[in-house]
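Residue-level listing of the chains:
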Amino acid sequence: MCKIIELKNIEKAYGKLSVLKKISFSVNKGEIVTIKGKSGSGKSTLLNILGFIDKYDSGQYLFDLQKVKRKKYSNFRNESIGFVFQNYNLISGLSVIDNIKIPYLYSKKSFDNYLEHLNFLLSFLKIEDLTSKNVADLSGGEKQRVAICRALSLKPKLLLADEPTGNLDPLNKKIILDIFKQVNEYYGITILIVTHDDIFDEISDRNFKIEDGYLYEEN
Ligand SMILES: Nc1ncnc2c1ncn2[C@@H]1O[C@H](COP(=O)(O)OP(=O)(O)OP(=O)(O)O)[C@@H](O)[C@H]1O
Ligand SMILES: [Mg+2]
């Protein structure tokens, strides 16, 4: 099995607060993995490190078997990783479609069938009628679906989703579960989900728990 993520003894502290303590774990290409844990246990911290948003203090992180240099973090993140943030991180003042097209505009790669893929996502996520709306005027569930559309728009190798179904109703949760399943099956996108929601147990290959700075695999 080819590893897309390999962490060895990753440590991260904020001042005196040690959040991640010698975390070692790996995720194989094409897997769907969940991470659970109490509020404040370090889930977003770990996800931000995996998504090249935050630096780690020590240890080693190999992505697709390579060590990524700091100066390449932003390009790499844009083209290889889709990130669904806990608070959506949409750009207020821009329309839905302008938000979704940001990764494409900043990408240096050329993408075949970008518009076709985009239309598939817009329709699957039921946001095709919202494209000209300002994102500030959307409901929480709509914002979350726009954020997921943006994260999947360049068919990333890895999708990192931070509580993608927090505060959503059952219908919205099902749409999100289904799109994750689809892009995993059709494009082989590896997915790592930080969640409190058991709904993802249906599609996950492995489940982890983070507690006291350590990561445990759950059965
Ligand atoms: N930039 C920061 N500076 C200082 N402390 C931080 C920073 N970011 C996170 N922390 C602290 O690190 C710990 C882990 O935070 P993190 O956001 O990773 O938790 P979490 O598991 O994602 O929680 P939640 O479920 O509430 O989202 C918390 O105690 C938090 O207060
Ligand atoms: Mg968090």
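In case you missed it, the structure is sitting above this.
Residues numbered from 1 in each chain as written. Chains lettered and ligands numbered in written order. Predicted model: local features only at pLDDT ≥ 70, side-chain atom pairs only at ≥ 80, totals over all residues. Heavy atoms only, no water.

Overview of the sheet that holds strand β1 (residues 3–14)
- The strand order across the open sheet built from three strands is β2-β1-β4, with neighbouring strands paired in antiparallel fashion. Looking along the sheet, the strands with just one partner apiece sit at the ends: β2 (17–28) and β4 (58–63). The mean inter-strand angle of the sheet, taken between neighbouring strand axes irrespective of direction, is 15°.
- Two strands pair when backbone bridges link them, and β1 and β4 are joined in this way by five bridges, in the antiparallel orientation. In the sheet register, L7 faces β4, and the bridge partner there is Y61.
- In this fold helix α1 (residues 43–50) packs onto β1, β2 and β4, with an angle of close to 125° to the strand it touches most, β1. (Pairing = 2+ DSSP bridges. Helix = DSSP H or I, 4+ residues; strand = E, 2+ residues; numbered from the N terminus. Axes fitted to C-alpha atoms, helices over the stretch in contact; angles between N-to-C directions. Contact = heavy atoms within 4.5 Å.)

Focus: helix α7 (residues 170–187)
- Relative to the 26 Å expected for 18 residues at 1.5 Å per residue, α7 spans 25 Å between its end C-alpha atoms, a close match to the ideal helical length.
- Against β3 (32–36), α5 (114–124), α6 (140–152), β6 (158–162) and β7 (190–194) lie the buried residues of α7.
- Directly after α7, the chain includes G188, whose backbone phi takes a positive value near 70°. (Expected span 1.5 Å × (residues − 1).)

A look at the site of ligand 1
- Among the 14 residues in the neighbourhood of ligand 1, the closest are listed as S39, G40, K43, T45 and Q86.
- At a separation of 2.6 Å, an oxygen atom of ligand 1 approaches a polar side-chain atom of S39.
- One of the backbone N or O atoms of G42 is found 3.0 Å from an oxygen atom in ligand 1.
- Computed on the free molecule, ligand 1 has an accessible area of 640 Å², of which 59% lies beneath the protein chains in the complex.
- Looking at the shell around ligand 1, the elements with two or more residues in it are β2 and α1.
- Looking at the shell around ligand 1, the element that brings in the most residues is α1, giving three residues.
- Looking at the shell around ligand 1 residue by residue, the classes come out as three nonpolar, eight polar and three charged. (Near = heavy atom within 4 Å. Polar contact = N/O pair within 3.5 Å; in protein donor to acceptor, adjacent residues only side chain to side chain. Areas by Shrake-Rupley, 256 points an atom, 1.4 Å probe, with all protein chains shown as cover. Nonpolar A, V, L, I, M, F, W, Y, C, P; charged D, E, K, R; others polar.)

Section: the packing of α5 against α7
- Viewed as axis vectors pointing N to C, α5 and α7 meet at an angle of 150°, and their least axial separation amounts to 11 Å. On the basis of their axis angle, the class for α5 and α7 is roughly antiparallel. The residues of α7 that touch α5, namely those facing H117, F120, L121 and F124, are I175, D178, I179, Q182 and Y187.
- Among the residues forming the contact of α5 with α7, the class breakdown is six nonpolar, two polar and one charged. (Parallel < 35°, antiparallel > 145°, perpendicular 65-115°, else oblique.)

A closer look at the pattern of salt bridges
- As enumerated under the stated definition, the model contains 10 salt bridges in all.
- K36 is the salt-bridge partner of D198, the closest N and O atoms lying 3.0 Å from each other. Here the residue D198 occupies a position in the loop between β7 and β8 (206–211), and K36 occupies one in strand β3, the gap between them amounting to 162 residues.
- You can call K36 buried: its relative accessible area is 16%.
- In this structure, K157 and D64 form a salt bridge, with 2.9 Å as the shortest nitrogen-oxygen distance. Of this pair, K157 sits in the loop between α6 and β6 while D64 sits in the loop between β4 and α2 (73–80), and the two are 93 residues apart along the sequence.
- The exposure class assigned to D64 is buried, which follows from its relative accessible area of 15%.
- When salt bridges that share partners are traced, they join K29, D64 and K157 into one network. (Salt bridge = Lys/Arg side-chain N within 4 Å of Asp/Glu carboxyl O. Buried < 20%, exposed > 50% of the residue type's maximum accessible area, 1.4 Å probe, protein only.)

Observations regarding the coordination of the magnesium ion (ligand 2)
- For the magnesium ion (ligand 2), the full set of protein donor atoms is S44 (OG) and Q86 (OE1), at a range of 2.0 to 2.4 Å. One end of the pair, S44, is in helix α1; the other, Q86, is in the loop between β5 (81–84) and α3 (96–100), with 42 residues separating them in the sequence. (Donors = N, O, S within 2.8 Å, 3.2 Å for Na, K, Ca; no water.)

A word on the packing of aromatic side chains
- Scanning all chains against the criterion turns up eight aromatic pairs.
- On the basis of an interplanar angle of 15° and a centroid distance of 5.0 Å, the ring pair of F52 and Y61 is categorised as stacked.
- Taken together through their ring pairs, the aromatic side chains of F52, Y61, F63 and Y73 make up a single cluster. (Phe/Tyr/Trp six-rings, centres within 6.5 Å; stacked < 30°, edge-to-face > 60°.)

Focus on α5
- Within α5, burial applies to Y114, H117, L118, L121 and L122. All buried residues of α5 project into a common sector of 135° when viewed along the axis, lining one side.
- Along its buried surface, α5 packs onto α3, α4 (102–106), α6 and α7. (Arc of directions from axis to C-beta.)

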